[in-house]
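Structural characterization, general
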Amino acid sequence: MEVKGRAPGKIILAGEHAVVHGAAAIAASIDLYTEVHLALRPSGQEDDLLEIDLKDMKLNLSWPCSQLKEVLGDCSGDTTLPRLCTSEKLDLLAGIVAEKKLPQENIQLSSGLCAFLFLYTSILGFKPGKAVVTSELPMGSGLGSSASFCVALSGALIALSEKLFLNANEKKIDLELVSKWAYEGERIIHGKPSGIDNTVSTFGNMIKFKKEVTKTNSITPVNSTTPLKMLITDTRVGRNTKSLVASVSERALRHPHAMSSIFDAINSISDELALLVESPAADQVAISEKEEKLMELMEMNQGLLQCIGVSHESIETVVRTTMKSKLVSKLTGAGGGGCVLTFVPTQLSAAVTENIISQIEECGFRCFTVEVGGSGLQVFSC
Ligand SMILES: Nc1ncnc2c1ncn2[C@@H]1O[C@H](COP(=O)(O)OP(=O)(O)OP(=O)(O)O)[C@@H](O)[C@H]1O
Ligand SMILES: C[C@@](O)(CCO)CC(=O)[O-]
Ligand SMILES: [Mg+2]
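The following paragraphs examine the structure supplied in this document. (Residues numbered from 1 in each chain as written. Chains lettered and ligands numbered in written order. Predicted model: local features only at pLDDT ≥ 70, side-chain atom pairs only at ≥ 80, totals over all residues. Heavy atoms only, no water.)

**Here's the deal with the overall build of the chain**
Across its full length, the chain carries 11 helices and 12 strands. Computed over C-alpha atoms, the radius of gyration of the chain comes to 21 Å, within 12% of the 21 Å expected from 2.2 N^0.38 for 382 residues, which places it in the range of a compact globule. Its C-alpha atoms give the chain principal-axis dimensions of roughly 70 × 45 × 45 Å. Among the 382 residues that make up the chain, the fraction classed as buried is 53%. Counting 36 positive and 44 negative side-chain charges, the chain places the centres of these two groups 2 Å from one another. (Helix = DSSP H or I, 4+ residues; strand = E, 2+ residues; numbered from the N terminus. Rg over C-alpha atoms; globule rule 2.2 N^0.38 Å. Buried < 20%, exposed > 50% of the residue type's maximum accessible area, 1.4 Å probe, protein only. Lys, Arg positive; Asp, Glu negative; His and termini not counted. Charge placed at Lys NZ, Arg CZ, Asp CG, Glu CD.)

**With respect to helix H6 (residues 196-203)**
Most of H6 sits inside the fold, with seven of its eight residues counted as buried. Of all the positions in H6, only Ile-196, Asp-197, Asn-198, Thr-199, Val-200, Ser-201 and Thr-202 are classed as buried. Directly beyond the C-terminal end of H6, a positive phi value near 75° is found at Gly-204.

**Looking at the coordination of the magnesium ion (ligand 3)**
Four donors placed tetrahedrally around a metal ideally meet at 109.5 degrees, and six donors placed octahedrally ideally meet at 90 or 180 degrees. Coordination of the magnesium ion (ligand 3) by the protein involves Ser-146 (OG) and His-190 (NE2), with metal-donor separations of 2.1 to 2.2 Å. Taken as a pair, Ser-146 in helix H4 (residues 145-166) and His-190 in helix H5 (residues 175-190) lie far apart in primary sequence, 44 residues in all. Among the residues examined, Ser-146 registers a relative accessible area of 13% and is labelled buried. (Donors = N, O, S within 2.8 Å, 3.2 Å for Na, K, Ca; no water.)

**A closer look at the site of ligand 1**
Among the 23 residues in the neighbourhood of ligand 1, the closest are listed as Gln-108, Gly-144, Ser-145, His-190 and Arg-239. Contact distances for ligand 1 include 3.2 Å between an oxygen atom and a backbone N or O atom of Ser-141. Isolated, ligand 1 exposes 630 Å² of accessible area, and the fraction of that covered by the protein chains is 97%. Elements with a minimum of two residues in the shell around ligand 1: helix H3 (109-124), H4 and H5. (Near = heavy atom within 4 Å. Polar contact = N/O pair within 3.5 Å; in protein donor to acceptor, adjacent residues only side chain to side chain. Areas by Shrake-Rupley, 256 points an atom, 1.4 Å probe, with all protein chains shown as cover.)

**Description of the sheet that holds strand S8 (residues 230-234)**
Here we have four strands laid out as an open sheet, ordered S9-S10-S8-S11, and antiparallel in their pairing. The open sheet terminates on both sides in strands that have one partner only, identified here as strand S9 (329-331) and strand S11 (366-370). With direction set aside, neighbouring strand axes in the sheet form an average angle of 30°. Direction of pairing for S9 relative to strand S10 (residues 339-343): antiparallel, over a ladder of three bridges. What sits directly across from Lys-330, in S10, is Leu-341. (Pairing = 2+ DSSP bridges. Axes fitted to C-alpha atoms, helices over the stretch in contact; angles between N-to-C directions.)

**Topic: the site of ligand 2**
Taken together, 14 residues are adjacent to ligand 2, and Lys-10, His-17, Pro-193, Ser-194 and Asp-197 come closest. At 3.4 Å from an oxygen atom of ligand 2 is found a side-chain nitrogen or oxygen belonging to His-190. Measuring from an oxygen atom of ligand 2, one finds a side-chain N or O atom of Ser-194 at 2.6 Å. When ligand 2 is considered free in solution it has 300 Å² of accessible area, and contact with the protein chains removes 98% of it. Of all the secondary structure elements, the ones that give two or more residues to the shell around ligand 2 are strand S1 (2-14) and H6. When grouped by side-chain class, the residues that make up the shell around ligand 2 number seven nonpolar, four polar and three charged. Both domains that furnish three or more residues to the shell around ligand 2 are identified here as domain 1 (2-221 + 374-381) and domain 2 (229-370). (Nonpolar A, V, L, I, M, F, W, Y, C, P; charged D, E, K, R; others polar. Domains from an automatic or database assignment.)

What follows is the structure, encoded as structure tokens:
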């Protein structure tokens, strides 16, 4: 029995980090995807294995199902009720992954492998199977690679469990359920995620997201009335979202009032950006005025992200370089390196755009454009 889950990466136009602390944020899916092909194997053999093949990293790992069962104990539960990976279980998972002695250059994969083992055993138990993972997204770069991995995996697992247990071959997949399971995977990778990344990777398009504590998260579609063209620069500076999110929380503990004011300001930027993106623009003059305001909001957000300590010298280099051409750039995702967005006005000529890309790439960075606001999770029977 085989299925494939395919989920997009994302950009955050405004509100990253502040969204973890209750502010609104605006995110959109992009047309770069992670795919997880999942196949169950006949069970009952002594050497039943659970295998993952990370094609892009040329890394193939497997664990005997009997070992997983012995170490993790009973993982069965109601797959319609996503549950937290406890710290005790995470320690057990980390131990199982550590036994594989990952090469140093792949050590950051540990959290992803823990998320894989947790989600697989929580949804399918200890059935032997193989996952083959491929991705177009740069890992650890702010484009939601972890969320697209968790969403594609959770979608494939739930589709397979429904085929298995409900004989529901073509049942429409419950996207809410997928997003909730993916969030539990993101908790392993991000530590304290807001939920925006797995939400936009699951549902696609563009959303305004606000994390709620006492009730379900507030998710509002944002319908852009004009095309949004973004140049993405990958600074190729690796970083770790979990540690960046933690550093912001620690700064908020040291400066509670100042940081709360910054989060409030970012909340207002997100609210204004959503209204602006949805506002009508009848002609090119109106479009240009709208784009000027959007760039101002992005510029203010970048300034506040620098305030909370998540910018980086490489990000500031892109900001300064594009500013020379009166363009605005802001980090996207957790920052600390990774990717930077540059808004491309509709009136900017291809020649000027190419010249700006050359200036940025002379700094050793990689530039590319993406389609903003495409589809979310797709699940295919194989
Ligand atoms: N295709 C993949 N296969 C396995 N693990 C992955 C994959 N993509 C991401 N991961 C896991 O997620 C980690 C990167 O997640 P992280 O949240 O730090 O960066 P990101 O999601 O790319 O950026 P951001 O969260 O800021 O958008 C990797 O180190 C790895 O553990
Ligand atoms: C930095 C952050 O706000 C976005 C990461 O893409 C973390 C989160 O919301 O989970
Ligand atoms: Mg992530």
